[in-house]
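Examination of the molecular architecture
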Amino acid sequence: MQASSDESRVLVIYTGGTIGMLVGNEGFVPEPFFLTESLRKESRFHDPNDDSLFSRATSVQNFRTWHSRSASASASGTSTPTRSPSPASTTLPLPAAAPPSEPPLPTLLVRSSRLIAQPPEYIGTGKHLSWKINPDCWEAHLPSLITPKVKLVHGTAREKRIRYAILEWQPLLDSSNMEYSDWIRIATEIELNYSNFDAFVILHGTDTMGYTSSALSFLLEDLGKTVIITGAQIPLSQLRNDAVDNLLGALTVAGQFIIPECCLYFNHTLFRGNRVTKSSSYDLDAFSSPNFPPLVNVGIDIVVNWNQVLRPKSQKKFRAHK
């Protein structure tokens, strides 16, 4: 689909980790596509019609108008009309088993070095989501999600939406099982999609997240776009969790700022990827950077410490070492 000037495009590479797990018999266990489907139902992560509370509460009057219209629609038994995608948009065709009332989602073209996992609604339908374009690359039009408008700085008028697709690994990995080849795979996925996205967010388990962020900082040479690794101590499936803040914060920073480094985002703080370590397995403030200040602090305002951000010193083309 065509890019919009008030949108940024982010590819989320979901490798696994606690952030998308469910409770099993012996603790948390990964569940394929649970994370994607959960985010699709959360208006703070997906607001396709720009008609959620987060979009309409920009002023008292806007909220009252939205609330009155929503109440009237509920009373009459009708729902808010959905916005049709533009003619230029690529849309994901609905499988035969999908509810006819559910509109197709705009999609983004994503490439991978492996066969791209089929969502549950495609299994058993005979339809195929991805195709092989050469021996080392697969392509797919993945359904995209889009956030409500995000204010860059508190009190300013500048707003931007973040459109993102989730490339989910199969199987999802516990971070303790991450190997050198998985670092190469992440770097390759970024390289394959580099020209189609403005930034990248990698979802990862916390135990070896610091190792991965450090390795990627050396594998991604002449990086000109933001790459952020994040995860959670408590999964999105739990009522009380840190997954929402970490993922939404990483998406916001990646989609709003050009910080051309491999970074790690956790507990409202963006760290340089090769200067961070996991300092706690129990606290939500699980990472620290003892010898280097944070790149970004997220509070009431998002404060970027630009003096600490690396900047490209040449116009060399990005490459991933493999």
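Sheet architecture is open: three strands sit in the order β4-β6-β5, paired in antiparallel fashion. The sheet terminates laterally at β4 (107-112) and β5 (130-134), the two strands that pair on one side only. Neighbour to neighbour, the strand axes of the sheet diverge by 30 degrees on average, direction disregarded. When β5 meets strand β6 (residues 137-143), the two strands line up antiparallel, connected through four bridges.

The next thing to look at is the nonpolar core. Burial of nonpolar side chains together is a common tendency in soluble globular proteins. Core analysis: the largest hydrophobic core is formed by 38 residues, its most contacted members being I190, L216 and L220. Among residues more than four places away in sequence, those in contact with L220 are A187, I190, V227, F318, R319 and A320. Counting residues in each nonpolar core, the second largest holds 35 residues, with L251, F257, L295 and V309 among its members.

Taken as a whole, the protein chain shows an average pLDDT of 87; of its residues, 85% reach a score of 70 or greater. Considering only residues more than four positions removed or in separate chains, one finds that residues 80-89, a stretch of pLDDT under 50, has twelve contacts.

The next point concerns the side chain of K225. Position of K225 among the secondary structure elements: in the loop between β11 (220-221) and β12 (226-230). Within polar-contact distance, the side chain of K225 engages the backbone oxygen of Y194 at 2.5 Å. In terms of polar contacts, K225 uses its side chain to reach the backbone carbonyl oxygen of F197, at 2.7 Å. Excluding anything up to four places from it in sequence, K225 contacts Y194, S195, F197, D198, F200, I259, P260 and E261.

This paragraph deals with the environment of R56. Within the secondary structure, R56 sits in helix α2 (residues 53-56). For R56, a relative accessible area of 28% corresponds to the partly exposed category. Note: C-alpha distance between R56 and H67 (eleven residues apart in sequence) is 8.8 Å. Excluding anything up to four places from it in sequence, R56 contacts D50, D51, N62, F63, W66 and R69.

What counts as what
- Residues numbered from 1 in each chain as written.
- Predicted model: local features only at pLDDT ≥ 70, side-chain atom pairs only at ≥ 80, totals over all residues.
- Heavy atoms only, no water.
- Pairing = 2+ DSSP bridges.
- Helix = DSSP H or I, 4+ residues; strand = E, 2+ residues; numbered from the N terminus.
- Axes fitted to C-alpha atoms, helices over the stretch in contact; angles between N-to-C directions.
- Core = buried A, V, L, I, M, F, W, Y, C linked by side-chain atoms within 4.5 Å.
- Buried < 20%, exposed > 50% of the residue type's maximum accessible area, 1.4 Å probe, protein only.
- Contact = heavy atoms within 4.5 Å.
- pLDDT = per-residue confidence, 0-100.
- Polar contact = N/O pair within 3.5 Å; in protein donor to acceptor, adjacent residues only side chain to side chain.

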